[in-house]
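# Per-entry structural report
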Amino acid sequence: MKIAVVGTGYVGLVTGACLADIGHYVTCVDIDAQKIERLKKGMIPIFEPGLDHVVLSNVKAGRLNFTTSLPSVLGDAEVAIIAVGTPSREDGYADMQYVYAVADEIGRNIKKYTVVVDKSTVPVGTGREVENIIKKYYSDEFAVVSCPEFLREGSAVADFSNPDRIVIGARDDRSAQVMLDLFKPVKGEKVVTTVESAELIKYASNAFLATKISFINEIAQICERTNADIEEVAYGLGLDNRVGPKFLHAGIGWGGSCFPKDVRALDHIAGNYGYDFRLLKSVIEVNNNQRTSFVDKVVAQLNGVSGKRLAVLGLAFKGNTDDVRDSAALDIITMLQEKGAVISAFDYEATENAKKSLGDIPVEYAKDPYEAMQGADALIIATEWSEFRNLDWKKVKETLKAPVIFDGRNLLKPSRMREEFGFTYTSIGRS
Ligand SMILES: NC(=O)c1ccc[n+]([C@@H]2O[C@H](COP(=O)([O-])OP(=O)(O)OC[C@H]3O[C@@H](n4cnc5c(N)ncnc54)[C@H](O)[C@@H]3O)[C@@H](O)[C@H]2O)c1
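Since this is a predicted model, take the numbers as computed values, not measurements.

Procedures and definitions
- Residues numbered from 1 in each chain as written.
- Predicted model: local features only at pLDDT ≥ 70, side-chain atom pairs only at ≥ 80, totals over all residues.
- Heavy atoms only, no water.
- Axes fitted to C-alpha atoms, helices over the stretch in contact; angles between N-to-C directions.
- Helix = DSSP H or I, 4+ residues; strand = E, 2+ residues; numbered from the N terminus.
- Parallel < 35°, antiparallel > 145°, perpendicular 65-115°, else oblique.
- Left-handed = near helix turned anticlockwise from the far one by under 90°.
- Contact = heavy atoms within 4.5 Å.
- Nonpolar A, V, L, I, M, F, W, Y, C, P; charged D, E, K, R; others polar.
- Pairing = 2+ DSSP bridges.
- Buried < 20%, exposed > 50% of the residue type's maximum accessible area, 1.4 Å probe, protein only.
- Arc of directions from axis to C-beta.
- Polar contact = N/O pair within 3.5 Å; in protein donor to acceptor, adjacent residues only side chain to side chain.
- Phe/Tyr/Trp six-rings, centres within 6.5 Å; stacked < 30°, edge-to-face > 60°.
- Lys NZ or Arg CZ within 6 Å of the ring centre and 35° of its normal.
- Right-handed = clockwise from strand over helix to strand, strands pointing away.
- Domains from an automatic or database assignment.
- Buried area = accessible area lost by both parts, 1.4 Å probe.
- Near = heavy atom within 4 Å.
- Areas by Shrake-Rupley, 256 points an atom, 1.4 Å probe, with all protein chains shown as cover.
- Salt bridge = Lys/Arg side-chain N within 4 Å of Asp/Glu carboxyl O.

### Section: the packing of helix α11 (residues 259-272) against helix α12 (residues 278-301)
Axis separation between α11 and α12 bottoms out at 9 Å; the angle between their running directions is 150°. With respect to each other, α11 and α12 are oriented roughly antiparallel. Every pair of crossing elements has a handedness; the one defined by α11 and α12 is left-handed. Contacts between α11 and α12 involve Val263, Arg264, Leu266 and Asp267 from the former and Leu280, Lys281 and Ile284 from the latter. Classifying every residue of the contact of α11 with α12 by side-chain character gives 4 nonpolar, no polar and 3 charged.

Here it is as structure tokens:
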């Protein structure tokens, strides 16, 4: 099949490259000319494990191309996938300007029956709106389908070929069948729904996962007050099949490009339909509190942080990515810096993005974890890069000015850190 994918961010580039990998002819389109130029030269603009191989091999095989011109590919494309950003507006609702701009361009350039796919995370009703925009210019037959994306940054390529499900929200059999054919070689249950259900499934999934994390973080708060241990509690709780063990890791809370904006957007969508989604409001509040209460812990234990040097390991919102959007690590750095701390930080992949995001906030960016902790009054683990588990802890102790660790991701074993290495070790919900 011939496919156009509009937007070459985390979702668009992974989707485009992986669809090419299963045999389709894909052209990825982006308005960012620099990005497209780099992609044409074989330079991958994001860090995503395995993506470079999939992109380069499919370019070589002649199945993957890049362009800035959507009109030049629309004539041929049987499927046009919209994968542009839907960031939060000031008021929390999804900013739809990029999706609607693409719909407008499709409307002005569509030439034949095309299945237009909303892959971006969009509020319920967007499919209908995209249809209306295209109909302003084009009166022949076309279809708009919702096919939300569930990939996880850090394992996006593997997630494409092994999804839990592929949701296809379609209004008719013809467009649903095109989508089933598109994903035919991909394992995983294909769930065909109405467009509106598909749109809501995506928000419901992210909101539920965020709720699970906020829930376990509330339990962690109780652990800290009762001498219970969150790891033991989460393990015992997760063995219940109805609950499951995933997303029960206590820490400084969720962040990233999706959960924060999608949870806020769903709360806003509910409000637009006259429903007060009280649970979601609490989920957001609990998450914010995880960050501030962690900073409070650091400040209390160090008797203030003014003038103190703090080494922060991790800048990305989670391990295995360079994405810093709504990263708890950056929030914590900002709060500590405002309280007078001097921050030195290290991340394996996210330093450049963090520099852009933190802007004027003075942070010393280190080339390796040990450089970051040179002469520091304490070490803070803010991102769950698994590499941080395997640091040379004797060397860490010698490098730090004081042997103090605040583990915001519960990455390390308290007994090992305390008894074997002699650190003053604090984590989340563990005694
Ligand atoms: N990142 C994730 O993990 C993830 C997972 C699931 C769903 N999503 C959803 O997928 C969507 C895309 O997310 P992302 O993280 O890939 O975004 P992104 O910001 O990384 O990429 C968006 C891309 O779209 C391009 N773009 C914007 N307007 C354009 C236009 N008119 N024509 C062509 N290109 C245009 C931008 O230049 C950018 O390269 C969002 O709705 C997001 O919520 C993201």
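### Topic: the sheet that holds strand β13 (residues 404-407)
Strand order in the open sheet formed by 6 strands is β11-β10-β9-β12-β13-β14, with parallel pairing between adjacent strands. Unpaired on one side and paired on the other, β11 (363-365) and β14 (424-426) mark the two borders of the sheet. Pairwise comparison of adjacent strand axes, ignoring direction, gives a mean angle of 20° for this sheet. Across 3 bridges, the pairing between β13 and β14 is parallel. Residue pairing across strands places valine 404 opposite threonine 424, the latter belonging to β14. The strands that helix α13 (residues 328-338) touches are β9 (309-313), β10 (342-346), β11 and β12 (378-381); relative to β10, the one it contacts most, it runs at about 160°.

### Some thoughts on unusual backbone geometry
The phi angle at phenylalanine 247 is positive, at roughly 60°, despite the residue not being glycine. Exposure remark for phenylalanine 247: the relative accessible area of 29% places this residue in the partly exposed category.

### Comments concerning helix α8 (residues 173-182)
Listing the buried residues of α8 in full gives Ser175, Ala176, Val178, Met179 and Leu182. The buried residues of α8 occupy an angular sector of 155° when projected down its axis, which confines them to one face. At the N-terminal boundary of α8, the capping side chain belongs to aspartate 172, with an oxygen 3.2 Å from the backbone nitrogen of arginine 174.

### Concerning the packing of aromatic side chains
Overall, the coordinates contain 10 aromatic pairs when judged by the stated rule. With a centroid separation of 6.3 Å and 45° between ring planes, the pair formed by phenylalanine 160 and phenylalanine 183 is classed as tilted. A residue pair is termed long-range when its members are at least 10 positions apart, and phenylalanine 160 in helix α7 (residues 156-161) and phenylalanine 183 in the loop between α8 and β8 (189-193) qualify at 23 residues. Phenylalanine 183 sits in the buried class, given a relative accessible area of 5%. With a centroid separation of 6.5 Å and an interplanar angle of 70°, the aromatic rings of phenylalanine 346 and phenylalanine 388 are classed as edge-to-face. Of this pair, phenylalanine 346 sits in strand β10 while phenylalanine 388 sits in the loop between β12 and α16 (393-399), and the two are 42 residues apart along the sequence. Looking at phenylalanine 346, the relative accessible area reads 5%, which means it is buried. By the ring-pair criterion, three or more aromatic residues cluster together here, those being Phe346, Tyr348, Trp385 and Phe388. In this arrangement the basic side chain of arginine 165 is found over the ring face of phenylalanine 150, its NZ or CZ atom lying 3.7 Å from the centre. When the ring centre of tyrosine 370 is taken as reference, the NZ or CZ atom of lysine 395 above it lies at 4.1 Å.

### What about the pairing of strand β6 (residues 143-146)?
A two-sided burial pattern is seen for β6, the buried positions comprising Ala143 and Val145 on one face and Val144 and Ser146 on the other. Pairing of strand β5 (residues 115-118) with β6, which is carried by 4 bridges, proceeds in the parallel orientation. Residue pairing in the sheet places valine 115 in a bridge with alanine 143 of β6. You can see the chain leave β5, run along helix α6 (residues 126-135) and come back into β6, and the turn it takes is right-handed.

### Some details on the domain arrangement of the protein
Domains assigned within the protein are domain 1 (2-193) and domain 2 (259-426). Distance from the C-alpha centre of domain 1 to the C-alpha centre of domain 2: 34 Å. Listed by partner, the interface residues are 19 residues for domain 1 and 18 residues for domain 2. Here domain 1 meets domain 2 over a buried area of about 1,400 Å², counting both sides, of which 48% is carbon and sulfur.

### Some thoughts on the site of the ligand
Around the ligand, the structure places 26 residues, and the nearest of them are Asp30, Lys35, Thr86, Glu153 and Lys261. Taking isoleucine 31, its main chain carries an N or O atom lying 3.4 Å from a nitrogen atom of the ligand. One of the side-chain N or O atoms of serine 257 is found 3.3 Å from a nitrogen atom in the ligand. Out of a free accessible area of 840 Å², the ligand has 88% covered by protein chains.

### Here we look at the pattern of salt bridges
Summed over all chains, the structure comprises 24 salt bridges. In this structure, lysine 401 engages aspartate 377 in a salt bridge whose closest nitrogen and oxygen atoms are separated by 3.4 Å. Of this pair, lysine 401 sits in the loop between α16 and β13 while aspartate 377 sits in the loop between α15 (369-373) and β12, placing them 24 residues apart in sequence. Among the residues examined, lysine 401 registers a relative accessible area of 60% and is labelled exposed. Under the relative-accessibility criterion, aspartate 377 is labelled buried at 14%. Aspartate 407 is the salt-bridge partner of arginine 430, the closest N and O atoms lying 3.9 Å from each other. Taken together, the residues arginine 430 in the segment after β14 and aspartate 407 in strand β13 connect sequence positions 23 residues apart.

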